[in-house]
Amino acid sequence: MAEIPILGVRGVGKTYALGEQRIEALRGADLVVRKGEFVCLIGASGCGKSTLLRIVAGFEPPSTGTAEMWGMPITGPAPDRGMVFQDYGLFPWLTVRQNIGFGPAARGRPRAEVKATVERFVELVGLGRFADAWPHQLSGGMKQRVAIARVLANDAEIVLMDEPFGALDAMTRERLQDELLEIWQRTRLTVLFVTHSIEEAIFLADRVVVMEPGPGRIASAHTIDLPRPRDVASPEFNAIRRDLGRRLHSHHAPKAA
Amino acid sequence: MTGTGIEGGAGALAAPARRPAASGWLERTRPMLLAMIVPALLLALWQFATTQGWTRLIPTPAETARYMVDFAVGGVWDDAFSATLHVHLLASVQRVYGGFALAALVAVPLGLMIGRILLVRQLLDPFLQLMRPIPVTAWLPLSMLLFGLGPRSAFFLVFLGAFYPILLNTVFGVRSVEPRLFEAAAMLGCGGRAQFYKVVLPAALPSIFTGLRLGLGLAWFVIVVGEMTGVPQGLGAVIMDGRTLSRTELVICGMIVIGVAGYVSDRLVVALMNRLLRWSPTHAA
């Protein structure tokens, strides 16, 4: 008997109606993610990577195919699939503590338990000193830490991340990548991570899934066997980077002279 | 992962920039002094115009001040209006806050429903949009017929004046909640009706407060019109009586009291707003 994967996507397509036009954002995507895996979706804009992520999150139903978690069809957003948005999506009227406690409180956990959970995850992401600050008082990196902490505090089994570090400066991005890997290794989370940075994908992922535009689809998947922590300057790393880079760029139409 | 790094450690709270501690007395009182310039110039112009005989119908600032004292505590003229300020002020304040409170009580829940429920929006929005261009003052004759000559008519006009700004801003606040926040709430396990209290209401609060502030301002605006309908007491009534009796000083005193009362009540709302909306970068005091 085949093992049921945490996430199974079969033949998933998505077509949007834009006025009279129909736009096919994603066609026939197949993807299996095993528990504890760190998978990166990478591709140029319009390749359907965010669409796929939003379908897995349950924000949008697929037009064709099925998306399943533990073999059960995904019918809508749920706490077992936590989403981290590029623009954070924090509640501006709640403090760091209250944002992290939002999920557990909304699901009716006892107050004492919520409080203990919040303290644990405030510490996990190193925001102890800013626990009572409001989001507008935080830097982008701190906001994204809160966004990660609030899905972890809500017992997410899969963390879906939509270019979460795309709006951050390079130093903050590298730091958050390290921290994310540390959390992932410690908690054995499953992560599905959308990015357009080849380096970020190779640095983070067990497996990199390359997507192509026009219509959006999965082109190839690559297991990254490099030992962790990975050195972005090593020859092995750069060999993979060159290989993936070629695959990504070969899909682009040649520029007109 | 600890908070000792670049981000968590050195990155101080990006609080709104505070000016360095004021160095001297002048530096501290500068904003106040600047704010006084225009009123002082106007006062000087008033003084000049009345003493130079440009007009004989308007009393000088000094005369007006004496009338104001008489109006407030009596002892100068001791006529029907002496020492009656508190009576009129209290009557107006009751109507302003009564009409305003009723307007808020109706307009906020109604605005929340119009913004959130399609059926209610389709049912009420066209009607309310059609009624909105009718100025409150145009309702005066009809409200006298409906509510009679007296305080109830004034109350109704204040209600009507405060109603629309509160309603429209509440609807706007509900309609402009960032869609991302609904997604964030849904994936955290807060869906359906719970989103109303956990997302819509707090997200719409800044707009609701803007509406309340505008509504209260309009309530003070409308009270004079409302109290023209034959009520014996109220600042609007004082102004109308002053006009009928050709007592311009009384008219000016009434205007000043309304201005000050409206200003004070606006500051109260702003203080409450800044307290409740501390989380908002545009409201943090």
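What counts, and at which threshold
- Residues numbered from 1 in each chain as written.
- Chains lettered and ligands numbered in written order.
- Predicted model: local features only at pLDDT ≥ 70, side-chain atom pairs only at ≥ 80, totals over all residues.
- Helix = DSSP H or I, 4+ residues; strand = E, 2+ residues; numbered from the N terminus.
- Rg over C-alpha atoms; globule rule 2.2 N^0.38 Å.
- Contact = placed C-beta atoms within 7 Å.
- Buried ≥ 20, exposed ≤ 12 C-beta atoms within 10 Å, placed from the backbone.
- Pairing = 2+ DSSP bridges.
- Expected span 1.5 Å × (residues − 1).
- Axes fitted to C-alpha atoms, helices over the stretch in contact; angles between N-to-C directions.
- Domains from an automatic or database assignment.
- Nonpolar A, V, L, I, M, F, W, Y, C, P; charged D, E, K, R; others polar.
- Core = buried A, V, L, I, M, F, W, Y, C linked by C-beta atoms within 7 Å.
- pLDDT = per-residue confidence, 0-100.

**Observations concerning the overall build of chain B**
Turning to step 1, where the next piece is worked out: For chain B, the helix and strand inventory stands at 11 helices and 0 strands.
Turning to step 2, where the next piece is worked out: Against the globule reference of 19 Å for 285 residues, chain B gives a C-alpha radius of gyration of 25 Å, more extended than a compact globule.
Turning to step 3, where the next piece is worked out: With the C-alpha coordinates aligned to their principal axes, the bounding extent of chain B is approximately 75 × 60 × 30 Å.
Turning to step 4, where the next piece is worked out: Contacts spanning at least 24 positions in sequence make up 68% of the contacts within chain B whose residues lie at least 6 apart.

**Here's the deal with the pairing of strand β7 (residues 158-162) of chain A**
Consecutive side chains of a regular strand alternate in pointing toward one face of the sheet and then the other.
Residues and elements named next belong to chain A.
Turning to step 1, where the next piece is worked out: Taking burial as the measure, the 5 residues of β7 include 5 buried ones, the bulk of the element.
Turning to step 2, where the next piece is worked out: Burial of the side chains of β7 extends over both faces: I158, L160 and D162 are buried on one face and V159 and M161 on the other.
Turning to step 3, where the next piece is worked out: Pairing of strand β6 (residues 81-84) with β7, which is carried by 4 bridges, proceeds in the parallel orientation. In the sheet register, R81 faces β7, and the bridge partner there is I158.

**Focus on the interface of chain A and chain B**
Turning to step 1, where the next piece is worked out: On the side of chain B, 26 residues touch chain A, which itself brings 38 residues to the contact.
Turning to step 2, where the next piece is worked out: Broken down by element, the residue count for the side of chain A that touches chain B peaks at 6 residues, all from helix α5 (residues 170-187) of chain A.

**Re helix α3 (residues 111-124) of chain A**
Residues and elements named next belong to chain A.
Turning to step 1, where the next piece is worked out: Compared with the 20 Å implied by 1.5 Å per residue over 14 residues, the 20 Å span of α3 between its first and last C-alpha is a close match.
Turning to step 2, where the next piece is worked out: Elements that come into contact with the buried residues of α3 comprise α2 (96-106), α4 (140-152) and α5.
Turning to step 3, where the next piece is worked out: Positive backbone phi, at 65 degrees, marks G126, one or two positions downstream of α3.

**Regarding the sheet that holds strand β5 (residues 72-73) of chain A**
Residue and element names in this part refer to chain A.
Turning to step 1, where the next piece is worked out: On the basis of which strands lie adjacent, the open sheet formed by 4 strands has the order β2-β1-β4-β5 and antiparallel pairing. The open sheet is flanked by β2 (21-33) and β5, the only strands paired with a single partner.
Turning to step 2, where the next piece is worked out: With 9 bridges joining them, strand β1 (residues 7-18) and β2 adopt antiparallel strand pairing. Note that in β2 the partner of T15 across the bridge is E24.
Turning to step 3, where the next piece is worked out: Packing of helix α1 (residues 49-57) onto the sheet brings it into contact with β1, β2 and β4 (64-69), and relative to β1 it is tilted by some 115 degrees.

**Examining the domain arrangement of chain A**
Residues and elements named next belong to chain A.
Turning to step 1, where the next piece is worked out: Domain annotation of chain A identifies domain 1 (35-61 + 71-80 + 157-257) and domain 2 (92-155).
Turning to step 2, where the next piece is worked out: Between the C-alpha centres of domain 1 and domain 2 the distance comes to 25 Å.
Turning to step 3, where the next piece is worked out: Examining the composition of the side of domain 1 that touches domain 2, we find that 3 residues originate from one element, α5, more than from any other.
Turning to step 4, where the next piece is worked out: Of the residues in the side of domain 1 that touches domain 2, the class split is 8 nonpolar, 1 polar and no charged.

**Describing the sheet that holds strand β3 (residues 38-42) of chain A**
Residues and elements named next belong to chain A.
Turning to step 1, where the next piece is worked out: Reading across from one edge, β6-β7-β8-β3-β9-β10 is the order of the 6 strands in this open sheet, with mixed pairing throughout. Each having just a single partner strand, β6 and β10 (217-223) make up the two edges of the open sheet. Across the sheet, the mean angle from the axis of one strand to that of its neighbour is 20 degrees, orientation sign disregarded.

**Re the nonpolar core**
Turning to step 1, where the next piece is worked out: Counting 142 residues, the largest nonpolar core has V56(A) and V158(B) as its most contacted members.
Turning to step 2, where the next piece is worked out: Top element by residues in this core is helix α7 (residues 151-175) of chain B. It accounts for 15 residues.
Turning to step 3, where the next piece is worked out: Counting contributing residues per domain, this core is built from domain 1 (35-61 + 71-80 + 157-257) and domain 2 (92-155) of chain A, each supplying no fewer than three.
Turning to step 4, where the next piece is worked out: V158(B) has contacts with R95(B), V96(B), G99(B), F100(B), A219(B), V222(B), I223(B) and G226(B), leaving out every residue within four places of it along the chain.

**Remarks on the environment of L128(B)**
Turning to step 1, where the next piece is worked out: Looking at the secondary structure, you find L128(B) in helix α5 (residues 118-131).
Turning to step 2, where the next piece is worked out: Judged by the 18 C-beta atoms lying within 10 Å of it, L128(B) falls in the partly exposed class.

**Things to note about the confidence of the model for chain B**
Residues and elements named next belong to chain B.
Turning to step 1, where the next piece is worked out: Summing up the model confidence of chain B, the mean pLDDT is 88 and the portion of residues at 70 or higher is 91%.
Turning to step 2, where the next piece is worked out: Per-element confidence in chain B ranges from a low mean pLDDT of 39 for helix α1 (residues 6-10) to a high of 96 for helix α8 (residues 179-187).
Turning to step 3, where the next piece is worked out: Ignoring residues within four places in sequence, the model shows residues 1-17, a span with pLDDT below 50, making 32 contacts including any to other chains.
Turning to step 4, where the next piece is worked out: Among the scores for the predicted complex, ipTM is 0.92 and pTM is 0.85.

**Concerning helix α11 (residues 248-276) of chain B**
Residue and element names in this part refer to chain B.
Turning to step 1, where the next piece is worked out: In this model, α11 (29 residues) spans 42 Å end to end at C-alpha, consistent with the 42 Å of a helix rising 1.5 Å per residue.
Turning to step 2, where the next piece is worked out: Within α11, the full set of buried residues consists of E249, L250, V251, I252, C253, G254, V257, I258 and M273.
Turning to step 3, where the next piece is worked out: The elements touched by buried residues of α11 are α3 (61-73), α4 (85-116), α9 (194-226) and α10 (235-244).

**Description of the confidence of the model for chain A**
Atom-level detail of predicted coordinates should not be read off regions where pLDDT is low.
Turning to step 1, where the next piece is worked out: Counting all residues, the mean pLDDT for chain A is 93, and 96% of those residues have values of 70 or more.
Turning to step 2, where the next piece is worked out: Counting interchain partners and residues more than four positions distant, the pLDDT-below-50 stretch residues 253-257 of chain A has 0 contacts.

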